[in-house]
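An overview of the molecular structure
So you can see what is in the structure, the chains are spelled out below.
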Amino acid sequence: NSKVIQTPRYLVKGQGQKAKMRCIPEKGHPVVFWYQQNKNNEFKFLINFQNQEVLQQIDMTEKRFSAECPSNSPCSLEIQSSEAGDSALYLCASSLGGSGNTLYFGEGSRLIVV
Amino acid sequence: QQKVQQSPESLSVPEGGMASLNCTSSDRNFQYFWWYRQHSGEGPKALMSIFSDGDKKEGRFTAHLNKASLHVSLHIRDSQPSDSALYFCAASGNTGYQNFYFGKGTTLTVIP
């Protein structure tokens, strides 16, 4: 069983609605990644954190995506105004960080935008 | 440009057979490689890591790395129907913040 916990497993949103996903990383892992896996199974890196700080992120120029990893709370990824093209599996993963440490994934949150 | 390429896109092997998956990277900064397996409806699970040239064996799974050619392979012997899944190769480097680059995956079907 995955030690990275993602909720919800599924969410269905209408276009323009907010979609919020949460992730509890594996205990002791300070680094958290978010990926979008599209229908072709391709991974798109979105953002990563070390503790509460953003390490890297894509240019979220549309500003519809936001993410945070507050202290003592689950990490979250939120889409402010969902679009059909956002339909995908959103994967959270955690790691000890540093070179050569394995990335462990949760089961994902599947977003369907209708 | 895709930094990690996988082949074949799909592969069918009979139960008990050998499955061979390939991965090539285009970035000489990559030092660390992983194989992940993703069953339908689940998240990817780390199968094996390989960081040194040569073979690494874990049960029915053997990974091979050739850093000079940036080629990694995964061989599954005695394939089982439960091995049917999507297999991803992932790579990361030694520079700056750790980031991972994934291939597009190989779909393995083991035919009973």
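A brief look at the structure comes next. (Residues numbered from 1 in each chain as written. Chains lettered and ligands numbered in written order. Predicted model: local features only at pLDDT ≥ 70, side-chain atom pairs only at ≥ 80, totals over all residues. Heavy atoms only, no water.)

**Brief notes about the environment of Leu111 of chain A**
All names here are of chain A.
- Mapped onto the elements, Leu111 comes out in strand 11 (residues 109-113).
- The exposure class of Leu111 is buried, given its relative accessible area of 1%.
- It is 20 Å that separates the C-alpha atoms of Leu111 and Val32, two residues lying 79 residues apart in sequence.
- Filtering out sequence-adjacent residues up to four positions away, Leu111 remains in contact with Leu11, Lys13, Ala19, Ile79, Asp86, Ser87, Ala88 and Tyr90. (Helix = DSSP H or I, 4+ residues; strand = E, 2+ residues; numbered from the N terminus. Buried < 20%, exposed > 50% of the residue type's maximum accessible area, 1.4 Å probe, protein only. Contact = heavy atoms within 4.5 Å.)

**So, the state of the cysteines**
All names here are of chain A.
- Within the structure shown, the criterion is met by 3 disulfides over all chains.
- One disulfide bridge connects Cys23 with Cys92, the sulfur atoms lying 1.9 Å from each other. Looking along the S-S bond of the Cys23-Cys92 disulfide, the torsion reads about -65°, which is the left-handed sense. Separated by 69 residues along the polypeptide, Cys23 in strand 3 (residues 19-24) and Cys92 in strand 9 (residues 88-95) bring together distant segments of the chain.
- With a relative accessible area of 0%, Cys23 lands in the buried category.
- Residue Cys69 pairs covalently with Cys75 via a disulfide, S to S 2.0 Å. An S-S torsion of about 110° defines the bridge between Cys69 and Cys75 as right-handed.
- Using a relative accessible area of 4% as the deciding quantity, one classes Cys75 as buried.
- Here the bonded cysteines of chain A are numbered in sequence order, and their pairing is 1-4, 2-3. (Disulfide = S-S within 2.5 Å.)

**Structural notes on the packing of aromatic side chains**
- The final tally for this structure, using the stated rule, is 17 aromatic pairs over all chains.
- Seen in terms of ring centroids, Tyr35 of chain A and Phe45 of chain A are 6.0 Å apart; in terms of plane orientation they differ by 70°. Their pairing is edge-to-face. Pair noted here: Tyr35 of chain A is in strand 4 (residues 31-37) and Phe45 of chain A is in strand 5 (residues 43-50), with a separation of 10 residues, a long-range link. Accessibility assignment for this pair places Tyr35 of chain A and Phe45 of chain A in one class, buried.
- An angle of 55° between the planes, with centres 5.1 Å apart, marks the rings of Trp34 of chain B and Phe100 of chain B as tilted. One end of the pair, Trp34 of chain B, is in strand 4 (residues 30-38); the other, Phe100 of chain B, is in the loop between strand 9 (85-93) and strand 10 (101-102), and 66 residues separate them in sequence. For the pair Trp34 of chain B and Phe100 of chain B, a shared accessibility class is recorded, and that class is buried.
- What links up through ring pairs into an aromatic cluster is the set Phe33, Tyr35, Phe43, Phe45 and Phe105 of chain A together with Tyr32, Trp34, Tyr36, Phe51, Phe88, Phe100 and Phe102 of chain B. (Phe/Tyr/Trp six-rings, centres within 6.5 Å; stacked < 30°, edge-to-face > 60°.)

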